[in-house]
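Structural characterization, general
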Amino acid sequence: MSFFKKLFTSEKKETLDKGLEKTKTSFFSKLSKAIAGKSKVDDEVLDNLEEVLVSSDVGVNTTLKIIERIEERVSEDKYLGTEELNKILREEIAGLLSETNSGEETEFKIPANKKPYVIMVVGVNGVGKTTTIGKLAYQFKKAGYKVVLGAADTFRAAAIDQLQIWADRVGVPIVKQQMGSDPASVDTLKSAVSQNADVVIIDTAGRLHNKIGLMNELSKVKKVMQKVVEDAPNDVLLVLDGSTGQNAFEQAKQFTVATEVSCLAVTKLDGTAKGGVVIGISDQFQIPVKYIGVGEGIEDLQVFNK
């Protein structure tokens, strides 16, 4: 059995392929045009490749890094055929991602010595934040963990209602407060500790009205959590919509200033031909991509494998 088949069940592989089909088709179609009629990787091919990467939302800085790495290999090998370009490109992008994404994990796991494992989820409204929380809860429950959800977005009634729907659908408890009330995260952790829960996932306000307001809000949530669980949160998960391209870069910039983001979930990759955004964001912010959304189904959140 090949290494890749060991990592993914055929069903997961099929979902992944389908979810990334637009990006794959678009990228390789552009790449084919870029090297058409060429037998050797020369300056023109590299210029064309640069254009392909930038137009796939990899980002200018990350694109330049990739091009530099390929240029080094071309100069070392003296002669490099275009038929090898796909392989080299894959190796260099994987190498770049290895700097922030370690290991080949494909399962939903938490460290054995952390209980409850607290995940604080941040991100603007509309990126698929609440849906990602619901899918995460499903995956962790499926993996045998006891999960508790916390609705700490006390500014938007719809967010709390949406999280309740996911909690009911997945069959996990949810802790919520009245609108405008503040201690949802404290009560969630107290409840999780009393229930001996393994994983706690806390939704936060999805507003990006100004950096100072956001910083204060997220800092406050973290501080009140630490009154109950000393090292909470264990993860600050930023959810980004992969289909928004450069806008996702801007959101990542805002949130990394506002709080210590430890990992990323990039959603809606099935709805875009510019999935290169995953590479660019991971590289530019030096934050690992932990999960990717490749479809609307409850199973369609996967652990990211570089």
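Structure: above.
A few points on the structure. It should be emphasised that the depicted structure is a prediction, and the values quoted were computed from it without experimental measurement.

For the pair helix α11 (residues 246-258) and helix α12 (residues 277-285), interaxial distance at closest approach is 10 Å and the crossing angle is 30°. In terms of orientation, α11 lies roughly parallel with respect to α12. By crossing handedness, the relation of α11 to α12 is classed as right-handed. Packed against α11, whose contacting residues are Ala248, Phe249, Ala252, Lys253 and Thr256, the element α12 presents Val277, Gly280, Ile281, Gln284 and Phe285 at the interface. When grouped by side-chain class, the residues that make up the contact of α11 with α12 number 6 nonpolar, 3 polar and 1 charged.

Counted according to the given criterion, the structure contains 3 aromatic pairs. When the centroid spacing of 5.4 Å and the interplanar angle of 5° are considered together, the rings of phenylalanine 108 and tyrosine 291 count as stacked. Within this pair, whereas phenylalanine 108 is found in the loop between α6 (85-98) and β1 (117-122), its partner tyrosine 291 is found in strand β7 (residues 289-293), the two being separated by 183 residues in sequence. Just as phenylalanine 108 is buried, tyrosine 291 falls in that class too. Here phenylalanine 140 and tyrosine 145 contribute two aromatic rings whose centre-to-centre distance is 6.0 Å and whose plane-to-plane angle is 70°, an arrangement assigned as edge-to-face.

As a further point, take the sheet that holds strand β4 (residues 199-203). Through backbone hydrogen bonds, the strands of a sheet pair up, either in parallel or in antiparallel fashion. Sheet architecture is open: 8 strands sit in the order β3-β2-β4-β1-β5-β6-β7-β8, paired in mixed fashion. Only two strands of the sheet have a single neighbouring strand rather than two, namely β3 (174-176) and β8 (301-303). Averaged over all adjacent pairs, the angle separating strand axes in this sheet is 25°, with direction ignored. Across 3 bridges, strand β2 (residues 147-151) lies against β3 in parallel orientation. Note that in β3 the partner of leucine 149 across the bridge is isoleucine 174. Where α11 meets the sheet, its contacts fall on β1 and β5 (235-241), and the angle it forms with β5 comes to roughly 155°.

Attention now goes to helix α4 (residues 43-55). Given a rise of 1.5 Å per residue, 13 residues ought to cover 18 Å, and the 18 Å separating the end C-alpha atoms of α4 matches this to within 8%. Within α4, the full set of buried residues consists of Val45, Leu46, Leu49, Val52 and Leu53. Take α4 and look down its axis: the buried residues cluster within an arc of 115°, on one side only. Opposite the buried face of α4, by more than 90 degrees, sit the exposed residues Asp43, Asp47 and Glu51. Where α4 begins, the side chain of aspartate 42 points an oxygen toward the backbone nitrogen of glutamate 44, at a separation of 3.2 Å. Backbone geometry just after α4 places aspartate 57 at a positive phi near 65°.

What follows is about the environment of serine 191. Structurally, the position occupied by serine 191 is in helix α9 (residues 184-194). Given a relative accessible area of 19%, serine 191 falls into the buried group. Sequence-wise, serine 191 and valine 175 are 16 residues apart; in three dimensions their C-alpha atoms are separated by 7.7 Å.

Before going further, it helps to examine the packing of α6 against α12. It is at 9 Å that the axes of α6 and α12 come closest, and there the two elements cross at 40°. Between α6 and α12, the interaxial angle falls into the category oblique. Along this stretch, α6 crosses α12, giving a crossing that reads as left-handed. Residues Ile93, Leu96 and Leu97 of α6 lie in contact with α12, whose contacting residues are Ile279, Ser282 and Asp283. Taken together, the residues that form the contact of α6 with α12 break down as 4 nonpolar, 1 polar and 1 charged.

About the criteria used
- Residues numbered from 1 in each chain as written.
- Predicted model: local features only at pLDDT ≥ 70, side-chain atom pairs only at ≥ 80, totals over all residues.
- Heavy atoms only, no water.
- Axes fitted to C-alpha atoms, helices over the stretch in contact; angles between N-to-C directions.
- Helix = DSSP H or I, 4+ residues; strand = E, 2+ residues; numbered from the N terminus.
- Parallel < 35°, antiparallel > 145°, perpendicular 65-115°, else oblique.
- Left-handed = near helix turned anticlockwise from the far one by under 90°.
- Contact = heavy atoms within 4.5 Å.
- Nonpolar A, V, L, I, M, F, W, Y, C, P; charged D, E, K, R; others polar.
- Phe/Tyr/Trp six-rings, centres within 6.5 Å; stacked < 30°, edge-to-face > 60°.
- Buried < 20%, exposed > 50% of the residue type's maximum accessible area, 1.4 Å probe, protein only.
- Pairing = 2+ DSSP bridges.
- Expected span 1.5 Å × (residues − 1).
- Arc of directions from axis to C-beta.
- Polar contact = N/O pair within 3.5 Å; in protein donor to acceptor, adjacent residues only side chain to side chain.

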